[in-house]
Amino acid sequence: MRRWIEANTWTLGLAVLLAVLLLATKLIQPGFGASGLDSLARAALPFALATVGMAIVVIAGGIDLSIAAMMAVASVTGAVLMDGASDGQSLLIVVGVLLLGLLMGAVNGALIVLSRVPDIVVTLAMLFVWQGVALLILNAPGGGAAPWLRAMVAGGLLGMDWLPRGIVFLAVVTAAIWLPIRRSRLGLRLYAIGSDPLAAFRSGVPVGQTRIIAYALCGLFAALGGLSVTMGTGIGEPIPGPYLLASVAAVVLGGVVLGGGRGGLLGPILAVFILRTVRMDLTLLSVDPNVAAIVEGTIMVAVVMFGAVVATRGRKP
Amino acid sequence: MPDAPSDAVLDATGVAKRFGAVQALKNASLQVGAGQVVALMGANGAGKSTFVKILTGVLKPDAGHVRIRGRDSTVSNPAGARKWGLVPVYQEPSLIPDLSVADNLRLGDTAMAPFRHWVSELGLPDLDPDALIRSLPLASLRIVDLARALAIEPDVLLLDELTAALPTDLVERVLRVVRAQADAGRSVIYISHRFTEIAAICDRATVLRDGLTVGDVKIEPGIEERIVEMMLGGSVAAAVTEGRTARPLAAAPPRLSVKGLKTGTRLTDVSFDLHRGEVLGVVALEGQGQDELFDTLAGNRKASAGTVEVDGSPRTFSHPADAIAAGLTLVPGDRAHALLMSRSVRENIAIPLLARFRNWGAIRMGEEAAKVAHAIETLQIDTRAQGEVRRLSGGNQQKVTIARWIAKGVQTLLLFDPTRGIDIRTKRQIYSLVRDLADQGAAVLFYTSELAEVRLACDRAVVIFNGRVVDVIDAKDADEATLMRAAYGLTGKVPA
Amino acid sequence: MTMTATPTPLARLGRVMVDRPLVPLIGLLILLVAILAILNPGVLSMFWAGNTLKIAIPLAMLAACQTLTMLTGGIDLSVGTAATIAAYLTATLAPLIGVPPAIAVALAAAVVIGLVNGFGIAICRVHPLIMTLGTALIATGCLLVYQRYVIATGVLIPEALLWLGTGRTWGLPNSLVLFIPFAALVIWAQRRSGFGRLLYAIGANEAAARLSGVRVWQVHLTLYTLSSLIAGVTGLLYLGQIKTASLSLALPLDLPSVAAAVIGGTSIFGGRGGYGGTIVGALILTVLTSMLTLMQIPEGGRRILFGLIILAVTALFIRLTERS
């Protein structure tokens, strides 16, 4: 137990910070309750899913700059196909979009492994490619979403009104995908290639294959994130939101070291909610939303700078 | 050469490997029978590490074959080597720093029970399997790495400089366990620079020189001298040239005075003086701390203890620019660390002239051209392919790294193995250049992995073993056998 | 031991690409123009040439930022934002405080963006891509706030910028008055100034540059500040050309500016290339874009194509330079 607390000090600290922030929210606006929590969860959902995808790639020692563009592709694909589709069809469409996400991520990973071009350059180029694909599918926001999908993330859980469905959705999806992986050999391999690729190779880890899987998982979560955009707004968004920087910042703030090998998914998810809550509090304090965006951006950049300093220090012991 | 055991578990014959212009291995062979510990020995650059990479499947040989239990090995990666019963334990522990000990075992499909057995056998019974690798000291990591290998129950265990960072009590346990492996009928390839260990546990020693297997001897009392001879080659007597007598040392404070320098884990305590007009050789086996010494003097690493004095005043360098300002300029061992491969000869030579902020403006092209031309002339660099340094021969590349400091003006030159892998003509040019620089009043620190060079270029040589200076030898006494014995810690001044 | 022994055709091509990138690039440009002429006979004219130049110049100037940063192995994705902010500030402040002070404030704002980039990249060692993306995000936020609180006075686009951006003299765009000295200065500086040489040195081998006494952070800080300043100047020119002060004026130029530098033979890993190639790269992209427009390829297709070009050229460069 003590070891667990020691290993997770950072995550616990984040949880405490989030609790304090929520308490502050309650003080700023005494009326803050279930509906406030619900809108917070809905706003945070795409960010959280993007962050989970990014965290997996960063843990495996990479980075995926195309994450927001992949989300846009998933969002518009889902929205265009679901426009007017029946419930049964839309279920198939959701599965298809998730497979599409896996495929996009796998393409990114395979290009990195096969072309030997560094991840940051490949995913920058693919950022433009996926943006283009999203624009070809839908060049202005539009399309639709199945009502049952929209209902999955709106409102509170039946019987527990205070618990937003958005959070339940996030927890269920992330746990269903990540926990089996984390417990399996694959999970160890993901951490291993991020921590020390040479030692991983010498321990018999198929490094290239594991890297492709990491990017594919990132693509899968990007697809979930893209769908959650459509679920939240009811339409497809071909222009990606500021998910790239936000996810990198949340990953760093969540205790995942840029460079790989360390950290988990809970920390980054908490970090997303912290960043979103700060933004919500600023809005509640009737700060201009654009000023709030500046504050948020500054926090994110400061976090990334801090993370880079830590990573540089770590490299030379 | 004694007959190789016909029932060899591992049998490598006629292995050759070429990297570009460098023939790293010409004809290497190694036979290891069941129940044997065979030492694989060779001086720096003899081709040991290439040979190990070929045995473990990291590299493919150009010629020759490796047979394991009589079948041609198809090993293509470390995981594959393991299937063949060959398990290597490398110098750098191959454990994942951010995973626990238990997770590292799971990653490699290694059972916990035998691992625990071996860990306690090796002297760490209290090792916590949930501890992160990152949190363990280097010595424990080597034990964990070895225990993991033993738990796989390999037919052939390959141990590369395993004891280098271990405290004495652990070394004894490790040696006992390794010997017990052989006594139980398994085979061990044991790579080490330490004769005492080899004498304690090995049955035979295979000696490599210049990419050739030059000997395969039984270990018996007094064999050290023969092994040293084999590593040097039969031509020792012929290669000896007139050693120069040490010059009278100037009365002024030494140009560079190093006292009790400690950096990282390898360089523990080094002191020496270097005077103007002197070429001071540094002799050491691989990994005895010489890399850290040169890096620290060049301002590329921070010392953890000790002082560096230049012309009598203590200096600390936080950036190579500080060392350069104090006149200490480094030619690193790996040319790839010094050269702008994609840029021209001229640009490579001219960078130190532009490094300071005040030189960021317009370049005085005429002045620069003159300085560069003078440096090229001094070193006789072949400039036919000067558009990109990567297209030059190794020798010419090496000259470019030195020419940079000639153009800047030499005060104290730190040369780290400047003649490795280059042709004999260029080597001679470098020796005479070094002598000329010293005659003009420069001070030169000259690390060399080729012992014969001490007589050819140096006035004195300090010998470093285990991070300490173990001997200082005048050039006239510095024949290769003496240096080799000293480098292996065999001179008696320190326990080997 | 020199690598003159039996070069493969690919290695030989690689050497031509590396040594004389301008030759194949100009060939490609001529080929594209020829295709364009075949697709749409009669399009080629003095007016067309002047127009192509006019469109290519702001792109080529922003691509100078990418070239200089890419020489060190970096990139600057905040140039579009810096240019937009400079343009917007100039247009909105000119009626309030006069044209010269407005331009001074605009360029100062661009320099601040560059200093922040430089601080993050040089001191904190954040990857340039992430850092410049981050400052772009913050700067855009600042612009939105500025727009809400300060505007109300109207917009004035200075006459001089209009002349520079849209005017023509003997059929050629007046922007050449700015661009020709600019290009000459950059091409001179990259080879003949200490700063320019250090950019190549850091990109070719940062560790070696450090060992030669270069304090790399000083170069990075100066470089990213300079890059933003160039972007700010480009924004002014672009304002004169587009004649409206919009909040996303130069943002669509971010991607093409990277593509122009990459096509022009500047390696995204640093140490190779130069501004000469980039100028031709910008012309190629401009012609390519007008071809795509002619073929009615939508914006999405254009982005895919540009992305794939960047990836393919980079992968090709890795192969070519590994062989030689």
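Residues numbered from 1 in each chain as written. Chains lettered and ligands numbered in written order. Predicted model: local features only at pLDDT ≥ 70, side-chain atom pairs only at ≥ 80, totals over all residues. Heavy atoms only, no water.

**Student:** I would appreciate a short explanation of the overall build of chain C in the present structure.
**Tutor:** Helix and strand counts for chain C stand at 14 helices and two strands. Dimensions of chain C, computed from the C-alpha atoms along their principal axes, are close to 70 × 55 × 35 Å. With 324 residues in all, chain C has 57% of them scored as buried. A sequence separation of at least 24 residues applies to 77% of the contacts in chain C between residues at least 6 apart. When the accessible surface of chain C is summed, it comes to about 12,400 Å², and 72% of that surface belongs to carbon and sulfur atoms. Charge separation in chain C, taken as the distance between the mean sites of 18 positive and 7 negative side-chain charges, equals 6 Å. (Helix = DSSP H or I, 4+ residues; strand = E, 2+ residues; numbered from the N terminus. Buried < 20%, exposed > 50% of the residue type's maximum accessible area, 1.4 Å probe, protein only. Contact = heavy atoms within 4.5 Å. Areas by Shrake-Rupley, 256 points an atom, 1.4 Å probe, with all protein chains shown as cover. Lys, Arg positive; Asp, Glu negative; His and termini not counted. Charge placed at Lys NZ, Arg CZ, Asp CG, Glu CD.)

**Student:** What is the right way to look at the interface of chain C and chain A in this model?
**Tutor:** Interface size is often expressed as the accessible area that is lost when the parts come together. Residue-level contacts link 40 residues of chain C with 39 residues of chain A. The junction of chain C with chain A conceals about 3,200 Å² of combined surface from both sides, 83% of it contributed by carbon and sulfur atoms. Among the residues chain C hides against chain A, the three largest losses belong to Ile130(C), Arg303(C) and Leu311(C). Together they make up 18% of the total. Our count for the chain C to chain A interface comes out at one salt bridge. The shortest N-O distance in the salt bridge between Arg148(C) and Asp288(A) comes to 3.3 Å. Counting across the interface, chain C meets chain A through two residue pairs in polar contact (both at pLDDT 80 or more). Elements with a contribution of two residues or more to the side of chain C that touches chain A: helix H5 (99-123), helix H6 (128-150) and helix H14 (299-323) of chain C. For the side of chain C that touches chain A, the residue count by class is 25 nonpolar, nine polar and six charged. (Buried area = accessible area lost by both parts, 1.4 Å probe. Salt bridge = Lys/Arg side-chain N within 4 Å of Asp/Glu carboxyl O. Polar contact = N/O pair within 3.5 Å; in protein donor to acceptor, adjacent residues only side chain to side chain. Nonpolar A, V, L, I, M, F, W, Y, C, P; charged D, E, K, R; others polar.)

**Student:** It is not clear to me how the side chain of Thr72(C) should be interpreted in this structure. Could you clarify?
**Tutor:** Residues and elements named next belong to chain C. Mapped onto the fold, Thr-72 is located in the loop between helix H3 (46-71) and helix H4 (79-97). The exposure class assigned to Thr-72 is buried, which follows from its relative accessible area of 9%. Within the structure, the side chain of Thr-72 is placed 2.7 Å from the backbone oxygen of Thr-69, a separation counted as a polar contact. Apart from the residues within four sequence positions on either side, Thr-72 is in contact with Leu-199, Ile-202, Gly-203, His-220, Leu-223 and Gly-270.

**Student:** Mind showing me how you'd approach the packing of aromatic side chains here?
**Tutor:** Between two aromatic rings, the relevant description is the distance of the centres plus the angle of the planes. Inspection of the entire model under this criterion finds nine aromatic pairs over all chains. Aromatic rings pair up to connect Phe294(B), Phe416(B) and Tyr447(B) into one cluster. Stacked on the ring of Tyr90(B), the Lys or Arg Arg202(A) has its end atom at 3.6 Å from the ring centre. Positioned over the ring face of Phe47(A) is Arg276(A), at 3.9 Å from the centre of the ring. (Phe/Tyr/Trp six-rings, centres within 6.5 Å; stacked < 30°, edge-to-face > 60°. Lys NZ or Arg CZ within 6 Å of the ring centre and 35° of its normal.)

**Student:** How should the domain arrangement of chain B be read in this particular structure?
**Tutor:** Residues and elements named next belong to chain B. Taken as a whole, chain B is organised into domain 1 (10-234) and domain 2 (243-487). Placing a centre on the C-alpha atoms of domain 1 and another on those of domain 2 gives a separation of 34 Å. With 11 residues of domain 1 at the interface, the matching set in domain 2 holds 14 residues. A combined buried area of about 1,000 Å² lies between domain 1 and domain 2, and 56% of that area is made up of carbon and sulfur atoms. Counting every contact that joins domain 1 to domain 2 gives zero salt bridges. The interface formed by domain 1 and domain 2 holds zero residue pairs in polar contact (both at pLDDT 80 or more) in total. Taken together, the residues that form the side of domain 1 that touches domain 2 break down as four nonpolar, four polar and three charged. (Domains from an automatic or database assignment.)

**Student:** How should the interface of chain C and chain B be read in this particular structure?
**Tutor:** With 33 residues of chain C at the interface, the matching set in chain B holds 41 residues. Between chain C and chain B, a total of about 3,200 Å² is buried, with carbon and sulfur atoms accounting for 58% of that surface. In this assembly, chain C and chain B are joined by three salt bridges. Between Glu368(B) and Arg197(C) there is a salt bridge, with the nearest N and O atoms lying 2.9 Å from each other. At the junction of chain C and chain B, the tally comes to 14 residue pairs in polar contact (both at pLDDT 80 or more). Elements that contribute at least two residues to the side of chain C that touches chain B include exactly helix H1 (9-19), helix H8 (176-192), helix H9 (194-204), helix H10 (206-211) and helix H11 (216-242) of chain C. If you tally residues by element for the side of chain C that touches chain B, the top one is H9(C), at seven residues.

**Student:** Is there a simple way to think about a positive patch on the surface in this case?
**Tutor:** Taken together, Arg356(B), Arg358(B), Lys371(B) and Lys408(B) make up a surface patch of like positive charges. The residue Lys371(B) is located in helix H13 (residues 365-379) in this model. (Patch = residues over 30% accessible without salt bridge, like charges linked within 9 Å, V, L, I, M, F, W, Y side chains within 5 Å.)

**Student:** Just to check I follow, could you spell out the packing of helix H8 (residues 223-232) of chain B against helix H17 (residues 480-487) of chain B for this structure?
**Tutor:** For any two helices packed against each other, one specifies the crossing angle of their axes together with the interaxial distance. All names here are of chain B. Their axes nearest at 10 Å, the elements H8 and H17 cross at an angle of 120 degrees. Judged by the inter-axis angle, H8 sits oblique to H17. By crossing handedness, the relation of H8 to H17 is classed as right-handed. Every residue of H17 that contacts H8 at Glu-225, Val-228, Met-231 and Leu-232 is listed here: Glu-480, Ala-481, Met-484 and Arg-485. The residue makeup of the contact of H8 with H17, split by class, is five nonpolar, no polar and three charged. (Axes fitted to C-alpha atoms, helices over the stretch in contact; angles between N-to-C directions. Parallel < 35°, antiparallel > 145°, perpendicular 65-115°, else oblique. Left-handed = near helix turned anticlockwise from the far one by under 90°.)

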